[in-house]
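Structural characterization, general
This is what each chain is made of:
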Amino acid sequence: VICVLAGGVGAARFLRGLQQAVPPQTVTAIVNTADDMRLHGLTICPDLDTCTYTLAEAIDPDRGWGLAGESWQVLHALERYGEVRPTGSSAGATWFGLGDRDLATHLYRTQRLAEGAPLSAVTVEIARAWGVGIRLVPMSDDPVATKLTITDAGRTSEVDFQEYFVARRHDVPVSAVHFAGAATARPAPGVLDALATAQLVVIAPSNPIVSIGPILAVPGIADAVAARRDHTVAISPIVAGAALKGPADRMLAELGHERSVTGIARIYAPLAATLVIDRADEPLAPAVAAAGMEPIVTDTVMATLERAAALARNVLGTIAARQ
Ligand code: FO1
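Residues numbered from 1 in each chain as written. Predicted model: local features only at pLDDT ≥ 70, side-chain atom pairs only at ≥ 80, totals over all residues. Heavy atoms only, no water.

Here we look at the nonpolar core
- Residues Leu5, Leu148, Leu195 and Met293 are the most contacted members of the largest nonpolar core, which totals 51 residues.
- The element contributing the most residues to this core is helix α8 (residues 208-217), with five residues.
- For Leu148, the residues in contact, after removing those within four places along its chain, are Ser157, Glu158, Val159, Asp160, Phe161, Tyr164, Val174, Ala176, Val177, Val210 and Met251.
- Residues Ala11, Ile134, Leu136 and Ile235 belong to the second largest nonpolar core, which totals 34 residues. (Core = buried A, V, L, I, M, F, W, Y, C linked by side-chain atoms within 4.5 Å. Buried < 20%, exposed > 50% of the residue type's maximum accessible area, 1.4 Å probe, protein only. Helix = DSSP H or I, 4+ residues; strand = E, 2+ residues; numbered from the N terminus. Contact = heavy atoms within 4.5 Å.)

Brief notes about unusual backbone geometry
- Phi is positive for His40, which is not a glycine, with a value near 55°.
- By relative accessible area, His40 is classed as partly exposed at 34%.
- A positive phi angle, close to 50°, is found at Ala153, a residue other than glycine.

Comments concerning the sheet that holds strand β13 (residues 274-278)
- Spatial strand order, β5-β2-β1-β9-β10-β13-β14: seven strands in an open sheet with parallel pairing. In the strand order of this sheet, the two ends are held by β5 (135-138) and β14 (294-298), each with one partner. In this sheet, adjacent strand axes meet at a mean angle of 25° when their direction is disregarded.
- Two strands pair when backbone bridges link them, and strand β1 (residues 2-6) and strand β2 (residues 27-31) are joined in this way by five bridges, in the parallel orientation. When the bridges of β2 are listed, Leu5 appears paired with Ile30.
- On top of the sheet, α8 reaches β1, β2 and β9 (200-203); it is set at about 115° to β1, its chief contact. (Pairing = 2+ DSSP bridges. Axes fitted to C-alpha atoms, helices over the stretch in contact; angles between N-to-C directions.)

None of this, on its own, says anything about what the molecule does.
Structural data, given as structure tokens:
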């Protein structure tokens, strides 16, 4: 079994490459759920859905989230209510883009949760409906929510993840991050087992602070990964000092980390023996080694399925070589 700690787009692309390289049933992805939100009374799990839709070849390839060929009739119909919505109400909100077909996933999930099913069981059902072979497991069945302290126009406040990411276009400085609910959350069934028995644990190229951070904040998970340090490989989400997608680069700097593969190595060194870095960062390989991780230099930008599969084979090879 190969166990992958996964956030959204970068992780989904890596998993899609990995399922070219190994039988999908041998892969368990432990997925961040601290980006989840409630809107229109629905439970929305963006990272789980990004992984599901990507693995089902149904994702919108340009946006990296939501479904390809989506229509937006419901969203446009909601715009009518914008004028009558009282201040403070979130009724009919249109700032978060839910497509018509994507809504079906949230309707199904919300009803199943209301019937008492745990998120992990509902996730299996949704993945099956989309023909996904990789086992997708939410990090926890208990709610955990990323909260960010931001400063906007001189005012400091705490906001939910999607308000920071989508409503404010991750364009405001972050001075603190915490994961509400994490301290009492339990790992979802199968998570600790998968970590303990995997031949290889991969930390996907996701934001270390807000995508991988919440997974590691669930009690027991970081210890389970650290116990497998020699079998754990992280893939840097930072290439030449920049994040390929999202605000990881700025967020690292704002929270006092170095915005480079060296900064990534300092964060992951207690958990993983190996860090895969891009060829563009080859000059920093000695700094990665000095931070306590063995650097592997290769192409990490997953512009095509072939590149993603090649990266996956490379990651598999690092462990095969050491055994
Ligand atoms: N990201 C955006 O930038 N704008 C959106 O309107 C938006 C809607 C959305 C709906 C469903 C879904 O599964 C994801 C969606 N995302 C949107 C992406 C989401 O905010 C990010 O993928 C993350 O949570 C970060 O990993």
